[in-house]
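Residue strings, one per chain:
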Amino acid sequence: QFGRRFQLKSLSGSKIKSAVGPALPALEGLAREAKAGRAKPFDLVIVDADKEGMQEYFDLLWSSPNLLSEDAVVCVDMTPFKGQPPTRYVKYGFPHRWQSSSGQ
């Protein structure tokens, strides 16, 4: 529901599809729809999911026929530690080398 009010105001809001829940079943469902021709290929995909499964999600996106358009852009959230610098960066005096824009 976070961005829903902006989605409703957008001229392209009806094209936005959000899935909240376990990432793998959601992606597999989208891949099945695309393969069967029941969904248009995505031009933009934002994956913000558990980091342990990120490689599997990324591979599924790229290997699924008709899931991505020819010019698709895939954004993957790789922000570890909830946007905070890892302890080793702070401990050894390098917090300035860690960049974060998570809003925290």
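See above for the structure.
Per chain, residues are indexed from 1 in the order of the written sequence. Confidence filtering applies because this is a predicted model: local features only for residues at pLDDT of at least 70, side-chain atom pairs given and counted only at 80 or more, and all residues used for totals across whole chains, interfaces and linings. Side-chain metrics rest on all non-hydrogen atoms present in the structure, leaving aside hydrogens and water.

**Observations concerning the overall build of the chain**
Where helices and strands are cited, they refer to DSSP runs of H or I of at least four residues and of E of at least two residues respectively, numbered from the N terminus. Within the chain, the regular secondary structure consists of four helices and two strands. Along the chain, helices and strands appear, N-terminal first, in the series α-α-β-α-β-α. By residue count, 23% of the 104 residues in the chain fall in the buried class. Taking the intrachain contacts of the chain between residues at least 6 apart in sequence as the baseline, contacts between residues at least 24 apart amount to 53%. In short, Shrake-Rupley with a 1.4 Å probe defines the accessible areas, and a residue's cover is counted only from the protein chains shown. As displayed, the chain offers around 8400 Å² of accessible surface, 55% of which is attributable to carbon and sulfur atoms. Burial classes: relative accessible area under 20% of the type maximum marks a residue as buried, over 50% as exposed, and values in between as partly exposed (1.4 Å probe, protein chains only). Contacts are residue-level and defined by heavy atoms, with any inter-residue pair within 4.5 Å sufficient.

**Here we look at the layout of surface pockets**
Approximately 1500 Å³ is the volume found for the largest pocket. Put plainly, a pocket is an open set of points on a 1 Å grid over the protein atoms alone with protein on both sides within 12 Å along at least five of seven lines, a cavity is a set where a 1.4 Å probe fits but cannot get out, and a lining residue has an atom within 4 Å of a point. Forming the walls of the largest pocket are 32 residues, and the residues nearest its centre are Ile16, Lys17, Ser18, Ala19 and Ile46. Within the residue set of the lining of the largest pocket, elements represented by two or more residues are α1 (4–9), α2 (23–35) and β1 (42–47). Top contributing element to the lining of the largest pocket by residue count: β1, with six residues. Grid points are joined across faces, edges and corners, and a volume is the space filled by probe spheres set on the points.

**What about the nonpolar core?**
We define a nonpolar core as any set of buried Ala, Val, Leu, Ile, Met, Phe, Trp, Tyr and Cys residues linked to one another through side-chain atoms lying within 4.5 Å. Grouped together as the largest cluster of nonpolar side chains are 16 residues, with contacts concentrated most on Val45, Val47, Tyr57, Leu61, Leu67 and Leu68. Going through the elements one at a time, α2, β1, α3 (54–63) and β2 (68–76) are the ones with two or more residues in this core. For this core, the element with the most residues is α2, which contributes five residues. Aside from chain neighbours lying at most four places away, what touches valine 47 is Met54, Tyr57, Leu61, Cys75, Val76 and Asp77.

**Structural notes on α3**
Along α3, the positions that sit buried rather than exposed are Met54, Tyr57, Leu60 and Leu61. For α3, the buried positions fall inside an angular range of 130° around the axis, keeping them on one side. More than 90 degrees from the buried face of α3, the exposed residues found are Gln55 and Ser63. Packing partners of the buried residues in α3 comprise α2, β1 and β2. Directions drawn from the helix axis to the C-beta atoms are what define this arc.

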